[in-house]
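# Report on the structure
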Amino acid sequence: MIFGALEAGGTKMVVAVGEGNGHILEKQSIPTTTPEETIPKIIDFFQGKGIQALGIGAFGPVDVVKTSSTYGYILNTPKLAWKQFDLVGAFQKALQVPIGIDTDVNGSCLGEMTYGCAKGLQNVLYLTIGTGIGAGIAVDGKLLHGMLHPEGGHILIGKNAHDPGQSVCPYHDSCMEGLASGPSIEARWGKKAYELVDKQVVWELESEYLAKGIVNMILLLSPQKVILGGGVMNQTQLFPMIREKVIMLLNHYYDTKEIADVEQYIVPASLGGDQGIMGAIRLAELSMQ
Ligand code: ADP
Ligand code: ZN
């Protein structure tokens, strides 16, 4: 069976067709401008390809609550052209196939659980650390939604007293996204993150904030694996630093085999950047069940 997959981002839309085993047959990137301009291009890509269902991993906030009257809508986003846009409705009308939608990070989490490093696990945390910080969460095999969907990037973590910067989150002065996203690194140090590779102090602080947030999530969600993706995690020196600080902060509170093997517990995304689009293939497949 052939499925359509869409990873809807604020700067680009990745579209693909693929098979249920995760194999991607064709993939393309379309810039995100306005719905009027972008949506027809996406529809054009899928038309005539014989897709049986479409899966969407979308930037948020997005209504993923199936019983809601605005299910499938992009909600109160700063990307104003997309505010209250009926994303699922637009494709349903044009493509007439079942559609599954979730957040981009839940999609990536599902991709890793179906095809990647979290295969076979039921409780998984996927964090993206990029322009924003987002958390995809699976609990007992199901992606977590609740009243809307988790906004794990905005958990409050407490600012380091020696931090020379300010939170870049307009809502919170000490949330994880405000203190540890790519733009927050760049605002604090006045340079692009990739130009700061040799500055130890940058990554010490970054790993401290990420470790704090991750520890809170581990304590609350008890994930079997923590997967870290997003542009900032290209700085792979962060991984050992984060692991060490997580162990230190947990301070032996957990005595599990996962924590004992922390290198296999806190890991990079494993699907070479395709975790989101592969997750969307699985969302498509699940929409048919
Ligand atoms: P998005 O979050 O917009 O989907 P990314 O996950 O690629 O996209 O995140 C982009 C952010 O990640 C940039 O704003 C930048 O701050 C940071 N970033 C990208 N590449 C690197 C890198 N090589 N090293 C450190 N930070 C990076
Ligand atoms: Zn915030």
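Everything in this summary refers to the structure shown in the same document. Computed from a prediction, not measured in an experiment: that's the story for all the values here.

Counting secondary structure elements, the protein contains 10 helices and 10 strands. Across its three principal axes, the protein shows a C-alpha extent of roughly 55 × 40 × 35 Å. Looking at the 289 residues of the protein, the share that counts as buried comes to 52%. Within the protein, contacts between residues separated by at least 24 positions form 62% of all contacts whose residues are at least 6 apart in sequence. For the protein, the exposed surface amounts to about 13,300 Å²; the carbon and sulfur share of it is 53%. With 21 positive and 29 negative side-chain charges, the protein shows a spacing of 2 Å between the two charge centroids.

So, on to the coordination of the zinc ion (ligand 2). Only His 154 (ND1), Cys 169 (SG), His 172 (ND1) and Cys 175 (SG) from the protein reach the zinc ion (ligand 2) as donors, at distances of 2.1 to 2.4 Å. With four donor atoms in place around the zinc ion (ligand 2) and angles of 103 to 115 degrees between them, the coordination shape is tetrahedral. Counting residues between consecutive donors of the zinc ion (ligand 2) along the chain gives the motif H-x14-C-x2-H-x2-C. With His 154 in the loop between β8 (142–143) and α4 (176–180) and His 172 in the loop between β8 and α4, the pair connects residues that are 18 residues apart, well separated along the chain. Its relative accessible area of 27% is what places His 172 among the partly exposed residues.

Quick look at the sheet that holds strand β3 (residues 24–31) now. The sheet built from five strands is open, its strands ordered β3-β2-β1-β4-β5 with mixed pairing. With one partner strand each, in any of the chains shown, β3 and β5 (99–103) form the two edges of the open sheet. For this sheet the average axis-to-axis angle between neighbouring strands, irrespective of direction, equals 15 degrees. Judged from the seven bridges that link them, strand β1 (residues 2–8) and strand β2 (residues 12–19) form a sheet pairing that is antiparallel. Bridge pairing links Gly 4 to Val 17 in β2. Along the sheet, helix α3 (residues 104–115) makes contact with β4 (54–58) and β5, crossing β5 at roughly 105 degrees. Across the sheet, helix α10 (residues 275–287) is in contact with β1, β2, β3, β4 and β5; its angle to β1 comes to roughly 130 degrees.

For the structure shown, the criterion picks out eight salt bridges. The salt bridge partner of Lys 212 is Glu 208, with a shortest N-O separation of 3.7 Å. Of this pair, Lys 212 and Glu 208 both sit in helix α6 (residues 200–221), four residues apart, which is roughly one turn of that helix.

What follows covers the site of ligand 1. Around ligand 1, the neighbouring residues are Gly 130, Thr 131, Gly 182, Glu 186, Ala 193, Tyr 194, Gly 230, Gly 231, Val 232, Asn 234 and Gln 235. With respect to ligand 1, the side chain of Thr 131 contributes an N or O atom lying 2.5 Å from an oxygen atom. Interatomic distance of 2.9 Å between a side-chain N/O atom of Glu 186 and an oxygen atom of ligand 1. A per-class count over the shell around ligand 1 returns three nonpolar, seven polar and one charged.

Moving on to the nonpolar core. If you look at the biggest cluster of nonpolar residues, it comprises 37 residues, and the most contacted ones within it are Leu 127, Leu 210, Ile 214, Leu 228, Ile 242 and Val 246. Those elements giving two or more residues to this core turn out to be β6 (124–129), β7 (133–139), α4, α6, β9 (225–229), α7 (238–250) and α9 (262–265). Per-element tally for this core: the top contributor is α6, with 10 residues. Contact partners of Val 246, with chain neighbours within four places excluded, come to Ala 211, Ile 214, Val 215, Ile 218 and Ile 266.

Let's shift gears to the environment of Leu 75. Structurally, the position occupied by Leu 75 is in the loop between β4 and α2 (87–95). For Leu 75, a relative accessible area of 17% puts it in the buried group. A sequence separation of 153 residues divides Leu 75 from Leu 228, and the C-alpha atoms of the two residues are 26 Å apart. Sequence-distant contacts of Leu 75, that is, excluding residues within four places in its chain, are made with Pro 61, Val 62, Asp 63, Thr 70, Lys 83, Gln 84 and Leu 148.

Within a sheet, adjacent strands bond to each other through the backbone by hydrogen bonds, running parallel or antiparallel. Across the sheet, which stays open at both edges, the five strands sit in the order β8-β7-β6-β9-β10 with mixed pairing between neighbours. The open sheet is flanked by β8 and β10 (266–268), the only strands paired with a single partner. Summarising the sheet, β7 and β8 pair through two bridges and their orientation is antiparallel. Directly across from Val 139, in β8, lies its bridge partner Lys 142. Strands in contact with α7 are β9 and β10; relative to β10, the strand with the most contacts, it is inclined by about 165 degrees.

So, about the packing of α6 against α7. At a minimum axis distance of 8 Å, the contact between α6 and α7 shows a crossing angle of 50 degrees. Classified by the interaxial angle, the pair formed by α6 and α7 is oblique. In the crossing of α6 with α7, the sense of the turn from one axis to the other is right-handed. Along the lines of polarity and charge, the residues of the contact of α6 with α7 split into 13 nonpolar, two polar and five charged.

Thresholds applied
Residues numbered from 1 in each chain as written. Chains lettered and ligands numbered in written order. Predicted model: local features only at pLDDT ≥ 70, side-chain atom pairs only at ≥ 80, totals over all residues. Heavy atoms only, no water. Helix = DSSP H or I, 4+ residues; strand = E, 2+ residues; numbered from the N terminus. Buried < 20%, exposed > 50% of the residue type's maximum accessible area, 1.4 Å probe, protein only. Contact = heavy atoms within 4.5 Å. Areas by Shrake-Rupley, 256 points an atom, 1.4 Å probe, with all protein chains shown as cover. Lys, Arg positive; Asp, Glu negative; His and termini not counted. Charge placed at Lys NZ, Arg CZ, Asp CG, Glu CD. Donors = N, O, S within 2.8 Å, 3.2 Å for Na, K, Ca; no water. Tetrahedral: all angles 85-135°; square planar, octahedral: opposite > 155°, others 65-115°. Pairing = 2+ DSSP bridges. Axes fitted to C-alpha atoms, helices over the stretch in contact; angles between N-to-C directions. Salt bridge = Lys/Arg side-chain N within 4 Å of Asp/Glu carboxyl O. Near = heavy atom within 4 Å. Polar contact = N/O pair within 3.5 Å; in protein donor to acceptor, adjacent residues only side chain to side chain. Nonpolar A, V, L, I, M, F, W, Y, C, P; charged D, E, K, R; others polar. Core = buried A, V, L, I, M, F, W, Y, C linked by side-chain atoms within 4.5 Å. Parallel < 35°, antiparallel > 145°, perpendicular 65-115°, else oblique. Left-handed = near helix turned anticlockwise from the far one by under 90°.

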